Amino acid sequence: MKDKRIVVLLKYFKGELNPFDGAALECALETGSMDIIAVSMAPMSALNAFQSLTRLGIKGVFITDPLYASSDTQATSFILAEALKRLNPDLIFCGRQSVDGDTAQVPPMMAQRAHFAIKTKVIDFNAEKVILRNGEAFTPQNGTVLTFEKIRTLRFPSIFSKLGEVEIWDNSILQVPQEKCGLKGSPTRVVKSYESSVGRRQCQFVGMETLDLLIQAGLKKQRTEQNEDKGQKLDKIYFVGNIKPIAERIGFTAIELQTQGKSAEEIAEELTEKQAKAVLWEDSEELKILASQVAVLTGAGICADCISFRVEEGKLIMTRPALGGNVTADIVCESDMAFATVRTVKKEGTDVIFSVGKGATDEIERIRKLAQKYGAEVCCSRIVADSGKLPYEKQVGLTGRTVSPKVYVAFGISGAVQHTCAIAGAGMVIAVNNDKQARIFDYADYGIMDDVKNIKENEIC
């Protein structure tokens, strides 16, 4: 890749470089290319931090204009695509997602606008070979967007390096129509944000000695079906994938949209002809990319990783975690068509899941041995997967798997909303954590305020 022009897209959140994007930049540097251009769309307050990256021997393009403030994914992808036309890259690198949004929508939307192919979730990389999270291996070709997991830490520049020049591009250069950027160009609107109550439970604190009894009781417990939502409904809603029950709760008429073998252009044309107002998409990787591409072609607002829906005054209200899982947001689309990707529960092969968080990473082997006693699957939170302690396919959370075992035991997991939303369907949740203030206890049936290492040896087979 030494002869390739590589554009790396970077995002800053609260003055810090998105670590997924940092990994993408490090991988670009490892290619040995002498033509690497870092691009960031941000307010002027991030300029100094961005310019410091030029000490790594790269060029910088900083995109900023008051007109671009409050741009959603549609508007952001449009602005970035206009910049890419001027840069004419061979390859585009970026992080899989941003830490404040977790949506991963911008890369496929931008790829669609730039007429690039896209390959997502790179977990292994060298100049000749790329491996994705799904196991696919290939050599990158020109005209491809690659999105990276946090597989690298960005290097520090040499103490002898000097700052390079950064080009500042505002709208006098990009000439983006005002109706395509900022709030005017953003079909999605946040109408309310608040702490999530999805999956909240009444926690009873017990001792570690009761863990086995609780698991046995949870395995015998009969589940109760959730009552069907009796609220307002849309007249008609389309859905893609195995989410018919969810669509039927939202619309009086739920129609499955067949996408197999169809291009994004063909699907967009079909939805336009049908005058579709709302489309739900299952959250498989392929469908999330397809939904983003079709949204570009139809101009639909798109809300990713939705955990619940309701209808008010004929409008679909979509609820999803935001700001890295710290809050939950209600979102509406002002466009003629609204898209939402829906978090769905993956059916597991075991009735018990033991999940490892940051606070229990030193006790993974102990947890594995205990899991053998119950035939439990060992999973983890995102921070554990990112650290490489357990593989990504074991990650539970909005950016991993949504699960519904009979018993879910969380060891050393703090309980961010992006994790607790993904375990709301569990029959019984048991949290083991030595911090009584940990949020996970608000979403557990039973809490054990203790260290995993205090499980007695005779409890482990």
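Residues numbered from 1 in each chain as written. Predicted model: local features only at pLDDT ≥ 70, side-chain atom pairs only at ≥ 80, totals over all residues. Heavy atoms only, no water.

**Q** Explain the overall build of the protein here, please?
**A** Helix and strand counts for the protein stand at 12 helices and 26 strands. A compact globule built from 461 residues would reach a C-alpha radius of gyration of about 23 Å, and the protein, at 23 Å, matches this within 12%. Its C-alpha atoms put the protein at 65 × 60 × 40 Å along the principal axes. Residue burial in the protein is summarised as follows: out of 461 residues, 54% are buried. Nonlocal contacts in the protein, meaning residues at least 24 apart in sequence, comprise 69% of its contacts between residues at least 6 apart. Counting every atom, the protein has about 21200 Å² of accessible surface; 48% of that belongs to carbon and sulfur. (Helix = DSSP H or I, 4+ residues; strand = E, 2+ residues; numbered from the N terminus. Rg over C-alpha atoms; globule rule 2.2 N^0.38 Å. Buried < 20%, exposed > 50% of the residue type's maximum accessible area, 1.4 Å probe, protein only. Contact = heavy atoms within 4.5 Å. Areas by Shrake-Rupley, 256 points an atom, 1.4 Å probe, with all protein chains shown as cover.)

**Q** Can you help me understand the packing of aromatic side chains in this one?
**A** Given two aromatic rings, one states the distance between the centres and the angle between the planes to describe the pair. For the structure on display, the rule yields 8 aromatic pairs. Ring geometry for Phe-93 and Phe-125: centres 5.8 Å apart, planes at 85 degrees, overall edge-to-face. Separated by 32 residues along the polypeptide, Phe-93 in strand S6 (residues 91–95) and Phe-125 in strand S7 (residues 117–125) bring together distant segments of the chain. Across this residue pair, the class does not change: Phe-93 and Phe-125 are buried. An aromatic cluster of three or more residues is present, and its members are Phe-93, Phe-125 and Phe-148. Lying over the aromatic face of Phe-138, Lys-119 brings its terminal NZ or CZ to 5.4 Å of the ring centre. Note that Lys-192 overlies the ring of Tyr-194, its terminal NZ or CZ placed 5.0 Å from the centroid. (Phe/Tyr/Trp six-rings, centres within 6.5 Å; stacked < 30°, edge-to-face > 60°. Lys NZ or Arg CZ within 6 Å of the ring centre and 35° of its normal.)

**Q** Can you help me understand the sheet that holds strand S19 (residues 315–322) in this one?
**A** By way of backbone hydrogen bonds, the strands of a sheet pair with one another, either parallel or antiparallel. The antiparallel open sheet is built from 4 strands, whose spatial order is S12-S20-S19-S18. One side of each edge strand has no neighbouring strand; the edge strands of this open sheet are strand S12 (188–194) and strand S18 (308–312). Across the sheet, the mean angle separating the axes of adjacent strands is 30 degrees when strand polarity is ignored. Pairing of S18 with S19 involves 5 bridges; the strand directions are antiparallel. When the bridges of S19 are listed, Val-311 appears paired with Leu-316. (Pairing = 2+ DSSP bridges. Axes fitted to C-alpha atoms, helices over the stretch in contact; angles between N-to-C directions.)

**Q** Is there a simple way to think about the pairing of strand S14 (residues 234–240) in this case?
**A** Consecutive side chains along a regular strand alternate between the two faces of the sheet. Here S14 lies mainly inside the structure; 5 of its 7 residues are buried. Relative to strand S15 (residues 251–256), S14 runs parallel, the two sharing 5 bridges. Residue pairing in the sheet places Lys-236 in a bridge with Thr-253 of S15. Considered for its hand, the β-α-β crossover made up of S14, helix H7 (residues 244–250) and S15 is right-handed. For S14 and strand S16 (residues 278–282), the ladder comprises 3 bridges, and the chain directions are parallel. (Right-handed = clockwise from strand over helix to strand, strands pointing away.)

**Q** So what exactly am I meant to see when it comes to the pairing of S18 here?
**A** In S18, alternate side chains face the same way, and those of Phe-309 and Val-311 are buried while those of Ser-308, Arg-310 and Glu-312 on the opposite face are not. In textbook terms, the turn of a hairpin is the stretch between consecutive antiparallel strands, and for S18 and S19 this stretch comprises 2 residues, one of which, Glu-313, has a positive phi near 50 degrees.

**Q** Whenever I open this one, the sheet that holds S15 confuses me. Can you help?
**A** If you walk across this open sheet you meet the 5 strands as S15-S14-S16-S21-S17, and the pairing is parallel. Looking at strand neighbours, the two that pair on one side only are S15 and strand S17 (301–306), the edges of this open sheet. For this sheet, the mean inter-axis angle between neighbouring strands, taken without regard to orientation, is 25 degrees.

**Q** I would appreciate a short explanation of a negative patch on the surface in the present structure.
**A** On the surface, Glu-265, Glu-266, Glu-269 and Glu-273 cluster together into a negatively charged patch. Checked against the element boundaries, Glu-273 lands in helix H8 (residues 264–274). Relative accessible area serves as the criterion here: at 60%, Glu-273 is assigned to the exposed category. (Patch = residues over 30% accessible without salt bridge, like charges linked within 9 Å, V, L, I, M, F, W, Y side chains within 5 Å. Salt bridge = Lys/Arg side-chain N within 4 Å of Asp/Glu carboxyl O. Lys, Arg positive; Asp, Glu negative; His and termini not counted. Charge placed at Lys NZ, Arg CZ, Asp CG, Glu CD.)

**Q** Explain unusual backbone geometry to me, please; I cannot follow it from the model alone.
**A** Leaving glycine out, the prevailing phi sign among residues is negative, and the prevailing peptide bond configuration is trans. For His-115, which is not glycine, the phi torsion reads 60 degrees and is therefore positive. One can find His-115 in the loop between helix H4 (106–114) and S7. A positive phi angle, close to 50 degrees, is found at Glu-313, a residue other than glycine. Mapping Glu-313 onto the fold places it in the loop between S18 and S19. Classification of Glu-313 by relative accessible area gives exposed; the value is 77%.

**Q** Whenever I open this one, the pattern of salt bridges confuses me. Can you help?
**A** Pairing between side chains of opposite charge can happen when their charged atoms approach one another. All told, the structure shown has 25 salt bridges when counted by the stated rule. Between Arg-96 and Glu-149 there is a salt bridge, with the nearest N and O atoms lying 2.7 Å from each other. Within this pair, whereas Arg-96 is found in the loop between S6 and H4, its partner Glu-149 is found in the loop between strand S10 (144–148) and strand S11 (166–169), the two being separated by 53 residues in sequence. Glu-149 carries the same exposure label as Arg-96, and that label is buried. Note that Arg-343 is salt-bridged to Asp-305, the shortest N-O span being 3.6 Å. Residue Arg-343 is located in the loop between strand S21 (338–342) and strand S22 (352–356), and its partner Asp-305 is located in strand S17; the two are separated by 38 residues in the primary sequence. Judged by its relative accessible area of 4%, Asp-305 is buried. Through salt bridges with shared partners, a single network forms among Arg-5, Asp-35 and Lys-59.

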